[in-house]
Amino acid sequence: MQSYQTLVEAAKIFAAEAADLVRSSRMQQLSISSKSSNTDMVTDVDKATENFLVDRIHGAFPEHSIIAEEGSDHKGNSEISWIIDPIDGTTNFIYGFPSYSVSIGVRAAETIVAGAVFNIPEDALYWSGKGMGAFKNSDRIHVRERVAVSKSLIGTGFGYSAIRRVAQAKFLASIIGEVRDIRRAGAASLDLCFLAEGRLDGYYEAGLWPWDYTAATLIVREAGGTILGPVDDEPSRELTIGASNLELADFLREKLHPYLPFEED
Ligand code: LIP
């Protein structure tokens, strides 16, 4: 099996190349279609970037598996899996709102061993390898020093189902008076990387997919942060929580539990 370092370096290179492709496509006339709802959009750039990444990864590591947001699902004969979001924050990409990324996570069996998240508008690469620490470009990053829950800045996001968003907003209303404030940036991988570098104290979201959170989960953990799921320390589609400290993570999970699972259309 390749060393973790080889996988980390490859993820960094592939993420940067894919970011160049997205950036160069930004000014073209986008072809946009919808997926799970009329607000869940995908562009031809998402699909072209995914195809580029699948070709690059398969060309370098033909024995590896690949799972990606826009449907690629290549079964390899190795314990290594690449989990890709070609554009995380597609709505932001379409609107030109400066919060979208390329997210590439790598698992060896169940362990996340490499992660690369390219913040395209900021031209910055967040990356990590298991046991290597977390980085933004060449700078080491770390979660913010512990603060009281009441002084915590919390990121979150909402689903593509209107009923689900209303239920999520009701939960938000239940905690907004107990924390410093809320931020909604629109790309889970960047929300978690912002946590890793101290721009947020905590983050939660229900309804994420593995390609949204895999890479950034490793980056948060290697930056000294805590990741929780609904009942353990693994993120999931039901719930992903990230925090600079366990007290804040536990606060968010305890508050969220009575509201889960959020309704769907
Ligand atoms: C997005 C997530 C974000 C969530 C959005 C959307 P996409 O992923 O990263 O956290 O709030 O609703 O799901 O669909 O842009 O790849």
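No experiment lies behind these values; they were computed from the predicted model shown.

Q: Mind showing me how you'd approach the domain arrangement of the protein chain here?
A: Taken domain by domain, the protein chain consists of domain 1 (4-138) and domain 2 (149-259). Centre-to-centre, using C-alpha coordinates, domain 1 lies 21 Å away from domain 2. Counting residues at the interface gives 40 residues for domain 1 and 25 residues for domain 2. Carbon and sulfur atoms supply 59% of the area that domain 1 and domain 2 bury against each other, a total of about 2300 Å² over both sides. When the buried area of domain 1 at its contact with domain 2 is split by residue, Asp88, Ile112 and Tyr126 rank highest and sum to 23% of it. The shortest N-O distance in the salt bridge between Glu197 and Lys136 comes to 3.0 Å. Along the contact surface separating domain 1 from domain 2 lie 13 residue pairs in polar contact (both at pLDDT 80 or more). Elements supplying a minimum of two residues to the side of domain 1 that touches domain 2: β3 (65-68), β5 (80-88), α3 (90-95), β6 (101-108), β7 (111-119), β8 (124-129) and β9 (134-136).

Q: Can you help me understand the site of the ligand in this one?
A: Close contacts around the ligand come from 17 residues, with Asp88, Tyr160, Arg184, Ala188 and Glu205 the closest. A distance of 2.9 Å separates an oxygen atom of the ligand from a polar backbone atom of Thr90. Of all the secondary-structure elements, those providing two or more residues to the shell around the ligand are β5 and β13 (202-205). Counting residues per element, the shell around the ligand draws most heavily on β5, at three residues. Among the residues forming the shell around the ligand, the class breakdown is seven nonpolar, four polar and six charged.

Q: Would you take a moment to explain the pairing of β3 for this structure?
A: If a strand is regular, its side chains alternate between the two faces of the sheet. As paired elements, β3 and β5 share four bridges and run parallel to each other. Directly across from Ala68, in β5, lies its bridge partner Ile84. Alignment of β3 against strand β4 (residues 73-74), held across two bridges, turns out to be antiparallel. In the sheet register, Ile67 faces β4, and the bridge partner there is Asp73. Adjacent in sequence and paired antiparallel, β3 and β4 are bridged by four residues, among which Gly71 carries a positive phi angle near 115 degrees.

Q: Is there a simple way to explain the pattern of salt bridges in this structure?
A: Note on pairing: side chains with opposite charge can pair once their charged atoms come close. Counted according to the given criterion, the structure contains 16 salt bridges. Overlapping salt bridges, with partners in common, bring together Glu122, Lys136, Glu197 and Arg199 in one network.

Q: I would appreciate a short explanation of the nonpolar core in the present structure.
A: Leu7, Phe14, Val22, Trp82, Val102 and Ile104 are the most contacted members of the largest nonpolar core, which totals 37 residues. Contributing elements (two or more residues each) for this core: α1 (4-25), α2 (44-60), β3, β5, α3, β6, β7 and β8. Top contributing element to this core by residue count: α1, with nine residues. With 25 residues, the next largest nonpolar core counts Ala134, Ala187, Ala196 and Tyr213 among its residues.

Q: Help me understand the sheet that holds β3, please; the structure alone is not making it clear to me.
A: Consider a sheet: its strands pair through backbone hydrogen bonds, and that pairing is either parallel or antiparallel. Strands sit in the order β4-β3-β5-β6-β7-β8-β9-β10 across an open sheet of eight strands; the sheet is mixed. For this open sheet the edge positions go to β4 and β10 (139-140), each flanked by a neighbour on one side alone. For β8 and β9, the ladder comprises three bridges, and the chain directions are antiparallel. For Ser128, the partnering residue across the bridge sits in β9 and is Ala134. Against the sheet, α1 contacts β5, β6, β7 and β8, and its axis sits at roughly 25 degrees relative to β7. Against the sheet, α2 contacts β3, β4, β5 and β6, and its axis sits at roughly 155 degrees relative to β5.

Here is what the cut-offs are and how they apply
Residues numbered from 1 in each chain as written. Predicted model: local features only at pLDDT ≥ 70, side-chain atom pairs only at ≥ 80, totals over all residues. Heavy atoms only, no water. Domains from an automatic or database assignment. Contact = heavy atoms within 4.5 Å. Buried area = accessible area lost by both parts, 1.4 Å probe. Salt bridge = Lys/Arg side-chain N within 4 Å of Asp/Glu carboxyl O. Polar contact = N/O pair within 3.5 Å; in protein donor to acceptor, adjacent residues only side chain to side chain. Helix = DSSP H or I, 4+ residues; strand = E, 2+ residues; numbered from the N terminus. Near = heavy atom within 4 Å. Nonpolar A, V, L, I, M, F, W, Y, C, P; charged D, E, K, R; others polar. Pairing = 2+ DSSP bridges. Core = buried A, V, L, I, M, F, W, Y, C linked by side-chain atoms within 4.5 Å. Buried < 20%, exposed > 50% of the residue type's maximum accessible area, 1.4 Å probe, protein only. Axes fitted to C-alpha atoms, helices over the stretch in contact; angles between N-to-C directions.

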